[in-house]
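Each chain is listed here by its residues.
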Amino acid sequence: MGKLYPGLNAVISQIKTHETNPDKNPKTTPIVKPVSSEKNNTVYQPFTASDLRLAAVMNAAENETETTLAEKTEKLNGSFTVVNFNSQLSNAEMMVVVLKPDGRVLKNSAWDSGTFNTVDGKKIYSYKFNFNYNLGEAKRLLFSLKGGSLAKGNYTMEVYHNGQLIGRMVKTLS
């Protein structure tokens with residue numbers, strides 16, 4: 001059983017601790033997946049993110065083609081897979097931040113973007129997802145951002161849930 005659900009023992013342990021000593025437990029829902037933050041505090045996250053992809057896309061003869069050249073890029077297509085480990089929730093909100101080489105956030109427009117709170121303060125998001133899910137369900141999420149005129153360099157995609165970073169990847173355009 002521990003091999004199928006590695007975090008299950010942690011949840012059972014939290015529940016047993018709560019039942020035997022309810023005053024020492026926070027009034028939050030027990031969550032399974034531990035994620036270490038940069039400040040070495042362990043935070044429990046119900047989601048994991050994997051298979052993060054960011055592709056630079058150009059239109060060639062009315063067909064979308066992936067490129068690595070910044071000056072030919074018309075948009076960035078991103079995708080990632082999330083899996084949840086919290087059966088008590090049925091919907092979620094994920095924020096995606098795509099940082100340009102100069103450190104500024106890439107966004108379609110001011111109307112499509114906004115801010116959210118993280119442990120490091122407020123951040124601007126490039127794309128926001130609201131979706132429903134089931135326990136253990138792998139969900140593939142896709143987004144697209146208009147490139148405009150993109151600079152050469154590294155583009156960083158970060159995925160957040162409840163203000164916690166759950167995934168990061170870098171795409172280099174030349």
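Everything quoted here is computed from the prediction, not taken from an experiment.

Colleague: Can you explain the nonpolar core? Please cite residues and give values.
Modeller: Core analysis: the largest hydrophobic core is formed by 27 residues, its most contacted members being Phe80, Val82, Met94, Val98, Phe131, Phe143 and Met157. At five residues, strand β3 (residues 47-60) tops the list of elements feeding residues into this core. Excluding its chain neighbours within four sequence positions, the residues that come into contact with methionine 94 are Phe47, Val82, Tyr127, Lys128, Phe129, Phe131, Leu141, Val159, Tyr160, His161 and Ile166. If you look at the next biggest cluster of nonpolar residues, it comprises six residues, including Val97, Val105, Phe116 and Tyr160.

Colleague: Hey, could you go over the pairing of strand β5 (residues 75-84) for me, with residue numbers and the actual values?
Modeller: Burial analysis of β5 places eight of its ten residues in the buried class, which makes it a mostly covered element. Looking at chain direction, β3 and β5 are connected through nine bridges and run antiparallel. The partner of valine 57 across the bridge, within β5, is lysine 75. In the sheet, β5 pairs with strand β10 (residues 138-146) via nine bridges, with the strands oriented antiparallel. Bridge assignment links serine 79 to a residue of β10, and that residue is leucine 142.

Colleague: Please set out the sheet that holds strand β6 (residues 91-99) residue by residue, giving values where relevant.
Modeller: Taken together, the four strands give an open sheet; going across it, the order is β9-β6-β11-β12, and neighbouring strands pair in antiparallel fashion. Only two strands of the sheet have a single neighbouring strand rather than two, namely β9 (127-132) and β12 (164-173). Within the sheet, the average angular offset between the axes of one strand and its neighbour, ignoring direction, is 20°.

Colleague: So what's going on with the sheet that holds β3? Which residues, and what values?
Modeller: Strand order across the open sheet formed by four strands is β4-β3-β5-β10, with antiparallel pairing between neighbours. The sheet terminates laterally at β4 (63-67) and β10, the two strands that pair on one side only. Sheet twist, expressed as the mean angle between neighbouring strand axes with direction ignored, is 35°. Two strands pair when backbone bridges link them, and β3 and β4 are joined in this way by five bridges, in the antiparallel orientation. The residue bridging alanine 60 from the neighbouring strand is asparagine 63, located in β4.

Colleague: Describe in detail the packing of aromatic side chains, supporting the description with residues and values.
Modeller: The description of an aromatic ring pair rests on the distance of the ring centres and on the angle between the ring planes. Under the defined criterion, the tally for this structure stands at nine aromatic pairs. When the ring of phenylalanine 47 is compared with that of tyrosine 133, the centres are 4.9 Å apart and the planes differ by 75°; the resulting orientation is edge-to-face. Taken as a pair, phenylalanine 47 in strand β3 and tyrosine 133 in the loop between β9 and β10 lie far apart in primary sequence, 86 residues in all. The pair phenylalanine 47 / tyrosine 133 is uniform in exposure class, with both members buried. Measuring from ring centre to ring centre gives 5.7 Å for phenylalanine 80 and phenylalanine 129, while their planes differ by 85°; the resulting arrangement is edge-to-face. Of this pair, phenylalanine 80 sits in strand β5 while phenylalanine 129 sits in strand β9, placing them 49 residues apart in sequence. Phenylalanine 129 matches phenylalanine 80 in its accessibility class, with the two residues each being buried.

Colleague: Describe the pattern of salt bridges, with residues and values.
Modeller: All told, the structure shown has eight salt bridges when counted by the stated rule. Linking lysine 128 and glutamate 93 is a salt bridge whose minimum nitrogen-to-oxygen distance equals 3.4 Å. Of this pair, lysine 128 sits in strand β9 while glutamate 93 sits in strand β6, and the two are 35 residues apart along the sequence. The class of glutamate 93 is partly exposed, set by a relative accessible area of 34%. Through salt bridges with shared partners, a single ionic network connects Asp51, Arg53 and Arg140.

Rules used in this analysis
Residues numbered from 1 in each chain as written. Predicted model: local features only at pLDDT ≥ 70, side-chain atom pairs only at ≥ 80, totals over all residues. Heavy atoms only, no water. Core = buried A, V, L, I, M, F, W, Y, C linked by side-chain atoms within 4.5 Å. Buried < 20%, exposed > 50% of the residue type's maximum accessible area, 1.4 Å probe, protein only. Helix = DSSP H or I, 4+ residues; strand = E, 2+ residues; numbered from the N terminus. Contact = heavy atoms within 4.5 Å. Pairing = 2+ DSSP bridges. Axes fitted to C-alpha atoms, helices over the stretch in contact; angles between N-to-C directions. Phe/Tyr/Trp six-rings, centres within 6.5 Å; stacked < 30°, edge-to-face > 60°. Salt bridge = Lys/Arg side-chain N within 4 Å of Asp/Glu carboxyl O.

Worth remembering: the numbers are spatial, not functional.
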